[in-house]
Amino acid sequence: QLQNKILILTICAAGIGGTFQYGYNISIINAPASYIQVFMNTTWRERMGTPLDSNMILLLWSFTVSAYPLGGLAGAVLAGPMAIMLGRKMSLLLNNGFVITAAALSGFSRMAKSFEMIMLSRFFTGVNAGVSMSIQPMYLAESAPKKLRGAVALTSASFTALGLVLGQVVGLRELLGGEESWPFLLASNVVPALIQLTALPWFPESPRYLLIDRGDKESCISALQKLRGTSDLSAELEEMLAEQAAVKGQRAKNPWELFQNPALRWQLVSIVVLSSAMQLCGNDSMYFYAAYVFQEAGIPQDKIPYVVIGTGSCELITSVTCNMIIDYAGRRPLLLGGYVFMAGWAIVFMVALSQQTQISWMPYLSMACIFAYILSFGIGPAGVTGVLPTEVFDQMSRPAAYMICGSLLWFNLFLVGTAFPFIVKSLAHFCYVPFLVVCVCTAFYVWFFLPETKGKSFLEISEEFRKWNFKTKTRAGFYKGPEEIKTTPL
């Protein structure tokens, strides 16, 4: 049982300074929004002698908010080279440098009378989240035994949801969400970073990275023994050696090489579709509507922040539930079920919004839709999407695949954040139609094209995709006949 404890502690040490920071930093910026805008105006007036007009304040605030996904995009691009050159564990440890820098900038911003420090802080926080969102699932999936791989990699989503909830709680007025304490709230992300820097060095590096990338068999066996104990490691080691032999002589691939390689066509299409859908399905936009719907349902203004915590808790509960069932239910049913239910709730939500003022109980239905939509997202798409790149790509392609996934995730987060207010303005109550289309199309893709990866070795999964890629190739092969005849000596 000691080895199970070591695996659990490795998960916690990686998660607390990893994807936890992504969720935490998304939610802590909401509580002090009005105070930061006042601070921007006051600082500008002290410098220039004139206050900012409301449009300029809004523009500066938009820059501050968008610095986070911009940093995330930079972090996602950085994650691949870091994972290859430094290793998975060392990358996670060094990644804390970004968040410590960010905490120092935001913590001293009021003292320095500089709102630019807050913008820069949000950028560095984004870089930290971008790196950890790619490297943490990779590190955990490579360290886990085959039968627990899905559940272990999925803890990344649970830590994101936990960060989201704790950020909402710490941001309450009674804690650090008050007017005087907002710099401490923005700098509080240094605590998880320090916990990870203290804890993670005690745990082993990814055994697969040590053997396949570094060619260090002894260190790999030592890491496996720490993680698995004295149980028979021969079968697992044999599987890793087979994968090492399969990629022998290859170097780690660059993202553009994945696009050029026909043997990776369907793997790439799958992660592009699913990574894009994760942000374009409208889950984050539900949080945008939450305060308005709760207000319409008659919840007092000062109590709304407490109810909003309930929405974050929904995501946490479902991601933990998904964690328990992923290696029994499989990946496909959870993804398929998640998107189908979200499509259904999107229709109900639009009907409820359109009847909000006509029928007295409609705000309560809208409220139920918000919780149901977030629950549906948490049960499948939220976690399974992050597990798939580890499972469908080999060791040499995996870091590049995560770079592509991460870049899409952050770009689409920025896109939805920018476009959603305009979608609401133009489509009003039917603003969820684009998200409904995304959910339906993704469900169709999962149903027809995504194979199940549950309980299979990385080589078995590669073989399954090779059949798909080969099938496409043979169809194209008929057209190459005349060319081949032309080149014969005859």
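Residues numbered from 1 in each chain as written. Predicted model: local features only at pLDDT ≥ 70, side-chain atom pairs only at ≥ 80, totals over all residues. Heavy atoms only, no water.

1. With respect to the nonpolar core
The nonpolar side chains of a soluble globular protein tend to be buried, and buried together. Tyr22, Leu335, Tyr339, Phe349, Tyr373, Trp410 and Tyr432 are the most contacted members of the largest nonpolar core, which has 56 residues in total. Among the elements that take part in this core, helix α18 (residues 331–354) stands out by supplying 10 residues, more than any other. Ranked by size, the runner-up nonpolar core spans 42 residues in total, among them Met82, Leu93, Val152 and Tyr402. (Core = buried A, V, L, I, M, F, W, Y, C linked by side-chain atoms within 4.5 Å. Buried < 20%, exposed > 50% of the residue type's maximum accessible area, 1.4 Å probe, protein only. Helix = DSSP H or I, 4+ residues; strand = E, 2+ residues; numbered from the N terminus.)

2. A short note on the environment of Ser27
With respect to the helices and strands, the residue Ser27 is situated in helix α2 (residues 19–27). The sequence separation of Ser27 and Pro305 amounts to 278 residues, and the corresponding C-alpha distance is 11 Å. With residues up to four places along the chain from it excluded, the contact list for Ser27 reads Gly163, Leu164, Gly167 and Gln168. (Contact = heavy atoms within 4.5 Å.)

3. So, the packing of aromatic side chains
This structure, assessed with the given rule, holds 12 aromatic pairs. Ring centres of Tyr22 and Trp410 lie 5.4 Å apart, and the angle between their planes is 80°; on these two criteria the pair is classed as edge-to-face. Highlighted residues: Tyr22 in helix α2 and Trp410 in helix α21 (residues 398–427), separated in sequence by 388 residues. A relative accessible area of 1% means that Trp410 is categorised as buried. (Phe/Tyr/Trp six-rings, centres within 6.5 Å; stacked < 30°, edge-to-face > 60°.)

4. Regarding the packing of helix α4 (residues 54–85) against helix α5 (residues 88–107)
Between α4 and α5, the shortest axis-to-axis distance is 8 Å and the interhelical angle comes to 135°. One finds that α4 runs oblique with respect to α5. Judged by the sense of rotation from one axis to the other, the crossing of α4 with α5 is right-handed. On the side of α4, the interface is formed by Leu78, Met82, Ala83 and Ile84, while α5 contributes Arg88, Ser91 and Phe98. Classifying every residue of the contact of α4 with α5 gives 5 nonpolar, 1 polar and 1 charged. (Axes fitted to C-alpha atoms, helices over the stretch in contact; angles between N-to-C directions. Parallel < 35°, antiparallel > 145°, perpendicular 65-115°, else oblique. Left-handed = near helix turned anticlockwise from the far one by under 90°. Nonpolar A, V, L, I, M, F, W, Y, C, P; charged D, E, K, R; others polar.)

5. Topic: helix α17 (residues 304–329)
In this model α17 runs 36 Å from its N-terminal to its C-terminal C-alpha over 26 residues, within 8% of the 38 Å that 1.5 Å per residue would give. The largest bend in α17 comes to about 35°, at Asn323. Looking one or two places after α17, you find Gly330, whose phi comes out positive at around 95°. (Expected span 1.5 Å × (residues − 1). Bend = angle between axes of the 7 residues up to and from the residue.)

6. Examining the side chain of Ser270
Mapped onto the elements of the fold, Ser270 is located in helix α15 (residues 265–280). Given the relative accessible area of 2%, Ser270 is considered buried. At 2.8 Å, the side chain of Ser270 and the side chain of Tyr445 are in polar contact. Excluding residues that lie within four positions of it along the chain, Ser270 makes contacts with Tyr445, Leu450 and Phe465. (Polar contact = N/O pair within 3.5 Å; in protein donor to acceptor, adjacent residues only side chain to side chain.)

7. Description of the confidence of the model for the protein chain
Chain-level pLDDT for the protein chain is 85 on average; 94% of the residues reach the 70-or-more range. The least confident element of the protein chain, judged by mean pLDDT, is helix α24 (residues 481–486) at 39; the most confident is helix α10 (residues 190–199) at 96. (pLDDT = per-residue confidence, 0-100.)

8. Some details on helix α7 (residues 116–143)
Between its first and last C-alpha, α7 extends 40 Å over 28 residues, near the 40 Å set by a 1.5 Å rise per residue. Where α7 bends most, at Ser132, the angle is about 30°. With respect to burial, α7 is a largely interior element, 24 of its 28 residues being buried.

9. Considering the pattern of salt bridges
Evaluated as defined, the whole model comprises 11 salt bridges. As a salt-bridge pair, Glu243 and Arg398 come within 4.0 Å of each other at their nearest N and O atoms. Highlighted residues: Glu243 in helix α13 (residues 234–246) and Arg398 in helix α21, separated in sequence by 155 residues. Using a relative accessible area of 0% as the deciding quantity, one classes Arg398 as buried. The partner of Glu391 in a salt bridge is Arg331, and the shortest N-O contact between them spans 2.5 Å. Of this pair, Glu391 sits in helix α20 (residues 381–392) while Arg331 sits in helix α18, placing them 60 residues apart in sequence. Note on accessibility: Glu391 and Arg331 belong to one class, buried. (Salt bridge = Lys/Arg side-chain N within 4 Å of Asp/Glu carboxyl O.)

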